[in-house]
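Listed below are the residues making up each chain.
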Amino acid sequence: MILLSWWWNVCTMFIDRINKKNILEGGVVTPVILSSDKMNLSQFSRDKKAWPAHLTIGNISKDVRQQVSAHVTLLIGYLPVSKLECFHKKSQLLAGYHPFHHVMSLLLHPLVDAGCQGREMIFHPTLAMYIADFPEQCLVACNKES
């Protein structure tokens, strides 16, 4: 799933935090996988769109994770889809970045809060990857497309 060097660095970071007593010993590092894909709701009404955001964890086998019947992917929310017609054409793309990042921070706040507040957990969530198509990858990275 992930490059060995990345995984080694993550585990080393958690070992250092255990030595400093910032986290509990005996927990499992859990790679979190996020995904999203903007889609049309029907072929007849082209202006109706939805943008679901999903979460799963990387400790689950890929074969199991890809089965729909396994129910290992969780819908965490819907991202806003807006045409942003109130902005000029040149600023519409940049104006779309702010709602996306704000809503993603709201959706992931409970996960971040649980990791930072020092709550006793048996797992330590770490963002491992964000699965998206090219326009959404540019949106996540705050880059302009092409």
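Everything that follows concerns the structure shown earlier in this document.
Small disclaimer: the values here were computed from a predicted structure and weren't measured.

Chemist: Mind showing me how you'd approach the overall build of the chain here?
Modeler: Tallying secondary structure elements over the chain gives four helices and six strands in all. N-terminal to C-terminal, the α/β element order of the chain is α-β-β-β-β-α-β-α-β-α. Out of the 146 residues in the chain, the part that is buried amounts to 25%. For the chain, restricting intrachain contacts to residue pairs at least 6 apart in sequence, the fraction spanning at least 24 positions comes to 60%.

Chemist: Looking at this structure, how should I read the pairing of strand 4 (residues 52-57)?
Modeler: The side chains of a regular strand alternate between the sheet's two faces. Sheet topology note: the strand 1 (residues 28-36)/strand 4 ladder contains five bridges and is antiparallel. The partner of Ile33 across the bridge, within strand 4, is Thr56. For strand 4 and strand 5 (residues 74-78), the ladder comprises four bridges, and the chain directions are antiparallel. When the sheet's bridge partners are listed, Pro52 is paired in strand 5 with Tyr78.

Chemist: I keep staring at the side chain of Thr126 and nothing clicks. Help me out?
Modeler: By secondary structure assignment, the location of Thr126 is in strand 6 (residues 123-131). Beyond its immediate chain neighbours, meaning those up to four positions away, Thr126 contacts Trp6, Val10, Phe14, Val29, Thr30, Pro31 and Val32.

Chemist: Explain a positive patch on the surface here, please?
Modeler: On the surface, Lys38, Lys48, Lys49 and Lys83 cluster together into a patch of positive charge. With respect to the element layout, Lys38 can be found in the loop between strand 1 and strand 2 (39-40). Overall, the relative accessible area of 38% leaves Lys38 in the partly exposed class.

Chemist: Mind showing me how you'd approach the side chain of Arg65 here?
Modeler: The topology assignment puts Arg65 in helix 2 (residues 62-65). Buried Arg65, no salt bridge; nearest opposite-charge side chain is Asp63, N-O distance 8.6 Å. In this structure the side chain of Arg65 is engaged in a polar contact, spanning 3.3 Å, whose partner is the backbone oxygen of Ile57.

Chemist: How do you make sense of a nonpolar patch on the surface when you look at a structure like this?
Modeler: On the surface, a cluster of nonpolar side chains totalling about 300 Å² of accessible area is made up of Val28, Ile122 and Phe123. Relative to the elements of secondary structure, Val28 occurs in strand 1. Taking relative accessible area as the criterion, Val28 reaches 43% and is therefore assigned partly exposed.

Chemist: What is the right way to read unusual backbone geometry from this model?
Modeler: Excluding glycine, most residues fall at negative phi; most peptide bonds, likewise, are trans. For His71, which is not glycine, the phi dihedral falls at a positive 55°. Judged by its relative accessible area of 68%, His71 is exposed.

Chemist: Before we go on, may I ask you to explain the packing of aromatic side chains in this structure?
Modeler: In this description, an aromatic ring pair is defined by two values, namely the gap between the centres and the angle between the planes. Enumeration according to the criterion identifies one aromatic pair in this entry. Between the aromatic rings of Trp51 and Phe100, the centroid separation amounts to 5.4 Å while the plane-to-plane angle is 25°, which identifies the pairing as stacked. With Trp51 in the loop between strand 3 (49-50) and strand 4 and Phe100 in helix 3 (residues 89-116), the pair connects residues that are 49 residues apart, well separated along the chain. Under the relative-accessibility criterion, Phe100 is labelled buried at 4%. The ring centre of Trp51 lies 4.6 Å from the NZ or CZ of Lys38, which sits over that ring.

Procedures and definitions
Residues numbered from 1 in each chain as written. Predicted model: local features only at pLDDT ≥ 70, side-chain atom pairs only at ≥ 80, totals over all residues. Heavy atoms only, no water. Helix = DSSP H or I, 4+ residues; strand = E, 2+ residues; numbered from the N terminus. Buried < 20%, exposed > 50% of the residue type's maximum accessible area, 1.4 Å probe, protein only. Contact = heavy atoms within 4.5 Å. Pairing = 2+ DSSP bridges. Patch = residues over 30% accessible without salt bridge, like charges linked within 9 Å, V, L, I, M, F, W, Y side chains within 5 Å. Areas by Shrake-Rupley, 256 points an atom, 1.4 Å probe, with all protein chains shown as cover. Salt bridge = Lys/Arg side-chain N within 4 Å of Asp/Glu carboxyl O. Lys, Arg positive; Asp, Glu negative; His and termini not counted. Charge placed at Lys NZ, Arg CZ, Asp CG, Glu CD. Polar contact = N/O pair within 3.5 Å; in protein donor to acceptor, adjacent residues only side chain to side chain. Phe/Tyr/Trp six-rings, centres within 6.5 Å; stacked < 30°, edge-to-face > 60°. Lys NZ or Arg CZ within 6 Å of the ring centre and 35° of its normal.

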